[in-house]
Amino acid sequence: MAGYKPVAIQTYPILGEKITQDTLYWNNYKTPVQIKEFGAVSKVDFSPQPPYNYAVTASSRIHIYGRYSQEPIKTFSRFKDTAYCATFRQDGRLLVAGSEDGGVQLFDISGRAPLRQFEGHTKAVHSVDFTADKYHVVSGADDYTVKLWDIPNSKEILTFKEHSDYVRCGCASKLNPDLFVTGSYDHTVKVFDARTGQSVLSAEHGQPVESVLLFPSGGLLVSAGGRYVKVWDMLKGGQLLVSLKNHHKTVTCLCLSSSGQRLLSGSLDRKVKVYSTTSYKVVHSFDYTASILSLALAHEDETIVVGMTNGILSVKHRKSEAKKDSVPRRRRPAYRTFIKGKNYMKQQDDILINRPSKKHLELYDRDLKNFRISKALDRVLEPTCTIKTPEITVSIIKELSRRGVLANALAGRDEKEISRVLNFLIRNLSQPRFAPVLINAAEIIIDIYLPVIGQSPVVDKKFLILQGLVEKEIDYQRELLETLGMMDMLFATMTRKETVLPHDTSDGFLENNKIES
């Protein structure tokens, strides 16, 4: 056995995984911190001023969280009914909130009781925002109206009744104090001007509008509703620039990165998509455990907060840059010290003696060399191997199958050992790069242990899952083969065929002409 050849570990490229600058940037967040709220998180808003606290609207409470705190530093709970939205003023000192009873309340961050109460809406208020001059508030409600309020006098200035359904979203221009945008369930997005007392622009979204967003420059408007995210050019009279359909369910929230170069959208399909604002292509995607209702980014994208329907608030903080070690390190030998003599050219009278480099076998190779096949399989089924390098485990299973001893290695295992094998198969069977090898192993396990089903409820449950995965994978392959057959038939009918037809010449003889169809 001196000539044993180690097992060749096959490399399996992961399809679709491309490392880009956006991937590195948006993956540079720590493990998310999850905070449980009292109900579905309908709105999250960051303060534009340091220390960049954020307000979370859930159930009948509005919690103010510090940027790195997991407990609220302040709570506003003086609402008669459910609170739906809360937004900070530009200076971060005031907070305006809307509730289900139709009330709009203004809070001072340093206090607890509301400073102002605006009464005028007859149904739930789902949208509130401060205008650019900081002295007016815009609100939209389920009574189909949009109202403009004066903060110093606590009075209603204007009422707009141009929507024909619930007004569920809105935002004010950051540049012009007289312009603000609203979106409604009547499928329209309207831009209102307080100077004219009516809308100056209207766009047909085509779906109930759940969220609207104005770019900082004021030239572009983004609307979200249904599965669509649409971008409109305000300077061209509301011309549609692009319509994005990258979500599988309703898009509920929109957010812009600090640089304005990336647009984020959250949806009920439990995903957050990141778009480039130049090409409007998806450059990154986040996955969450529940449907997403709200989304917000902190200053310089340092923190991303997502609110979900199950009351969970997911908070991700950006990883801090590694600090350089201030302790001076001991100077090590230069690189030329280690390569000294390696480039020496052999002279005519020199005798060259090669020192053979000893190759060390991996532990699983040693076991295979000594025919300890079960031990070799156990080594590659350790969690450190199956999670970090599953290709090694698959390569050993493939080698055992090639030798014809895979059934012997899998037989005679107790409940704990067979559970590890089943866990690995369940986790990786559906991956196309591993499926050809693992389906064979799964079939062998089912054949071996099917007679002893019923002795362990844990193993029985995993066996049912594995059996379902194998059947589903076989169905997928059957469907793929059928699809390939249909495509081959289509390609065959699309090829150019030559048809020979007789043609009567002037001398009475028939001449064959080739007509291409």
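Residues numbered from 1 in each chain as written. Predicted model: local features only at pLDDT ≥ 70, side-chain atom pairs only at ≥ 80, totals over all residues. Heavy atoms only, no water.

The chain is annotated in an unreviewed UniProt entry as U3 small nucleolar RNA-associated protein 15 homolog from Rangifer tarandus platyrhynchus. You can read under Subunit (unreviewed entry) in the UniProt record for the chain the words "Part of the small subunit (SSU) processome, composed of more than 70 proteins and the RNA chaperone small nucleolar RNA (snoRNA) U3. May be a component of the proposed t-UTP subcomplex of the ribosomal small subunit (SSU) processome containing at least UTP4, WDR43, HEATR1, UTP15, WDR75. Interacts directly with UTP4 and WDR43." The chain has a UniProt comment under Subcellular location (unreviewed entry) that states "Nucleus, Nucleolus". (UniProt positions renumbered as here; feature names shortened; annotations may be inferred.)

Undergrad: When you look at the packing of aromatic side chains in this model, what are you seeing that I'm missing?
TA: The description of an aromatic ring pair rests on the distance of the ring centres and on the angle between the ring planes. All told, the structure shown has twelve aromatic pairs when counted by the stated rule. Both rings, one in Tyr25 and one in Trp26, keep their centres 5.1 Å apart while their planes meet at 90 degrees; by these two values the pair is edge-to-face. Looking at Tyr25, the relative accessible area reads 34%, which means it is partly exposed. Three or more aromatic residues joined by ring pairs make a cluster, and in this case those are Tyr25, Trp26 and Phe286. Sitting over the ring of Phe38, Arg61 keeps its end group 4.2 Å from the ring centre. Here the guanidinium or amino end of Lys230 rests over the ring plane of Tyr228, the centre of that ring lying 5.5 Å away. (Phe/Tyr/Trp six-rings, centres within 6.5 Å; stacked < 30°, edge-to-face > 60°. Buried < 20%, exposed > 50% of the residue type's maximum accessible area, 1.4 Å probe, protein only. Lys NZ or Arg CZ within 6 Å of the ring centre and 35° of its normal.)

Undergrad: Would you take a moment to explain the nonpolar core for this structure?
TA: One broad trend across soluble globular proteins is that nonpolar side chains are buried collectively. Ranked by size, the top nonpolar core spans 40 residues in total, and within it Leu368, Leu377, Ile397, Leu400, Leu425, Leu438 and Ile445 carry the most contacts. Every element with two or more residues in this core is listed here: helix H3 (363-369), helix H4 (373-380), helix H6 (390-403), helix H7 (406-410), helix H8 (415-428), helix H9 (435-449) and helix H10 (457-494). Tallying contributions element by element places H9 first for this core, with ten residues. Leaving out residues up to four positions away in the same chain, Leu438 has contacts with Val394, Ile397, Phe424, Leu425, Asn428 and Leu429. (Core = buried A, V, L, I, M, F, W, Y, C linked by side-chain atoms within 4.5 Å. Helix = DSSP H or I, 4+ residues; strand = E, 2+ residues; numbered from the N terminus. Contact = heavy atoms within 4.5 Å.)

Undergrad: Which parts of the structure should I look at to understand empty space enclosed by the protein?
TA: Regions of empty space are outlined by a rolling probe, equal in size to a water molecule, passed over the atoms. If you walk through the whole model with that rule in mind, you get one cavity of 30 Å³ or more. Looking at the largest cavity, the residues that line it are Leu377, Leu381, Ile397, Leu406, Leu410, Val421, Phe424, Leu425, Ala441 and Ile445. Elements supplying a minimum of two residues to the lining of the largest cavity: H7, H8 and H9. (1 Å grid on protein atoms, 1.4 Å probe; cavity = no way out; pocket = protein on both sides within 12 Å on 5 of 7 lines; lining within 4 Å. Points joined across faces, edges and corners; volume = space filled by probe spheres on them.)

Undergrad: Before we go on, may I ask you to explain the UniProt feature "repeat: WD" (unreviewed entry) in the chain in this structure?
TA: When the UniProt feature table is mapped onto this chain, "repeat: WD" (unreviewed entry) is found at residues 118-159 and 244-285. Secondary structure across residues 118-159 comprises 0% helix and 55% strand; the distance between its end C-alpha atoms is 13 Å. Helix and strand shares over residues 244-285 are 0% and 55% respectively, and the end C-alpha atoms of the span are 15 Å apart.

Undergrad: How should unusual backbone geometry be read in this particular structure?
TA: With the exception of glycine, the majority of residues adopt a negative phi angle, and the majority of peptide bonds are in the trans configuration. For the peptide bond that leads from Pro50 to Pro51, omega is 5 degrees, which places it in the cis range. Looking at where Pro51 falls in the secondary structure, it is placed in the loop between strand S2 (41-46) and strand S3 (54-58). Backbone geometry places Tyr144, a non-glycine residue, at a positive phi of 75 degrees. Owing to a relative accessible area of 35%, Tyr144 belongs among the partly exposed residues under this scheme. At Asp301, a residue that is not glycine, the phi angle is positive and equals roughly 55 degrees. Here Asp301 shows up in the loop between strand S26 (292-297) and strand S27 (303-308).

Undergrad: Explain the packing of H8 against H10 to me, please; I cannot follow it from the model alone.
TA: Pairs of packed helices are described in terms of their axes, by the angle between the two and the distance that separates them. Contact geometry of H8 with H10 gives a least axis separation of 10 Å together with a crossing angle of 25 degrees. With respect to each other, H8 and H10 are oriented roughly parallel. Two packed elements cross with a definite hand, and for H8 against H10 that hand is left-handed. From H8, Glu415, Ile418, Ser419, Leu422, Asn423, Leu425 and Ile426 reach across to H10, where they touch Val458, Val459, Lys462, Phe463, Ile465, Leu466 and Leu469. (Axes fitted to C-alpha atoms, helices over the stretch in contact; angles between N-to-C directions. Parallel < 35°, antiparallel > 145°, perpendicular 65-115°, else oblique. Left-handed = near helix turned anticlockwise from the far one by under 90°.)

Undergrad: Just checking my understanding: could you explain the pattern of salt bridges for this structure?
TA: Pairs may arise between side chains of opposite charge once their charged atoms sit close together. Inspection of every chain in the model, using the stated rule, returns 14 salt bridges. In this structure, the salt-bridge partner of Arg372 is Asp367, at a minimum N-O distance of 2.9 Å. The shortest N-O distance in the salt bridge between Asp378 and Arg413 comes to 2.6 Å. Taken as a pair, Asp378 in helix H4 and Arg413 in the loop between H7 and H8 lie far apart in primary sequence, 35 residues in all. (Salt bridge = Lys/Arg side-chain N within 4 Å of Asp/Glu carboxyl O.)

Undergrad: Explain the side chain of Asn428 here, please?
TA: Inspection of the secondary structure assignment puts Asn428 in helix H8. When its relative accessible area of 3% is taken as the criterion, Asn428 is described as buried.

Undergrad: Help me out: how do you make sense of the UniProt feature "domain: U3 small nucleolar RNA-associated protein 15 C-terminal" (unreviewed entry) in the chain in this one?
TA: Per the UniProt annotation, the sites labelled "domain: U3 small nucleolar RNA-associated protein 15 C-terminal" (unreviewed entry) are residues 343-490. For residues 343-490, the helix share is 70%, the strand share is 0%, and the end-to-end C-alpha distance is 62 Å.

Undergrad: Help me understand the pairing of strand S20 (residues 228-233) in this model?
TA: Within a regular strand, side chains alternate between the sheet's two faces. Most of S20 is tucked away, with five of its six residues classed as buried. Both strand S19 (residues 220-225) and S20 contribute to a ladder of six bridges, which runs antiparallel. Bridging from a neighbouring strand, Gly225 pairs with Tyr228 of S20. Following S20, the chain reverses through five residues before pairing antiparallel with strand S21 (residues 239-244); Gly237 in that reversal takes a positive phi of roughly 75 degrees. (Pairing = 2+ DSSP bridges.)

Undergrad: Is there a simple way to think about a nonpolar patch on the surface in this case?
TA: A cluster of nonpolar residues, Leu481, Leu484, Met487, Leu490, Phe491 and Met494, forms a patch on the protein surface that exposes about 660 Å² of accessible area. Inspection of the secondary structure assignment puts Phe491 in helix H10. (Patch = residues over 30% accessible without salt bridge, like charges linked within 9 Å, V, L, I, M, F, W, Y side chains within 5 Å. Areas by Shrake-Rupley, 256 points an atom, 1.4 Å probe, with all protein chains shown as cover.)

Undergrad: In this structure, what is going on with the sheet that holds strand S7 (residues 94-99)? I would like to understand it.
TA: The strands that make up a sheet pair up through hydrogen bonds in the backbone, lying either parallel or antiparallel. Ordered by their spatial adjacency, four strands build an open sheet running S6-S7-S8-S9, and the pairing between neighbours is antiparallel. Both outer strands of the open sheet, strand S6 (83-88) and strand S9 (114-118), are each paired with one neighbouring strand and no more. When strand polarity is set aside, the average angle formed by the axes of neighbouring strands in this sheet is 20 degrees. Relative to strand S8 (residues 104-108), S7 is paired through five bridges, and the arrangement is antiparallel. Residue pairing across strands places Val96 opposite Leu106, the latter belonging to S8.

Undergrad: What should I look at first to understand H6 in this one?
TA: The periodicity of an α-helix, 3.6 residues per turn, causes residues three or four positions apart to be oriented the same way. Counted at 1.5 Å a residue, the expected span for H6 with its 14 residues is 20 Å, and the 20 Å between its end C-alpha atoms agrees. If you check which residues of H6 are buried, you get Pro390, Ile392, Thr393, Val394, Ser395, Ile396, Ile397, Glu399 and Leu400. Of the surrounding elements, those touching the buried residues of H6 are H3, H4, helix H5 (383-388), H7, H8 and H9. At the C-terminal side of H6, Gly404 shows a positive phi close to 80 degrees. (Expected span 1.5 Å × (residues − 1).)

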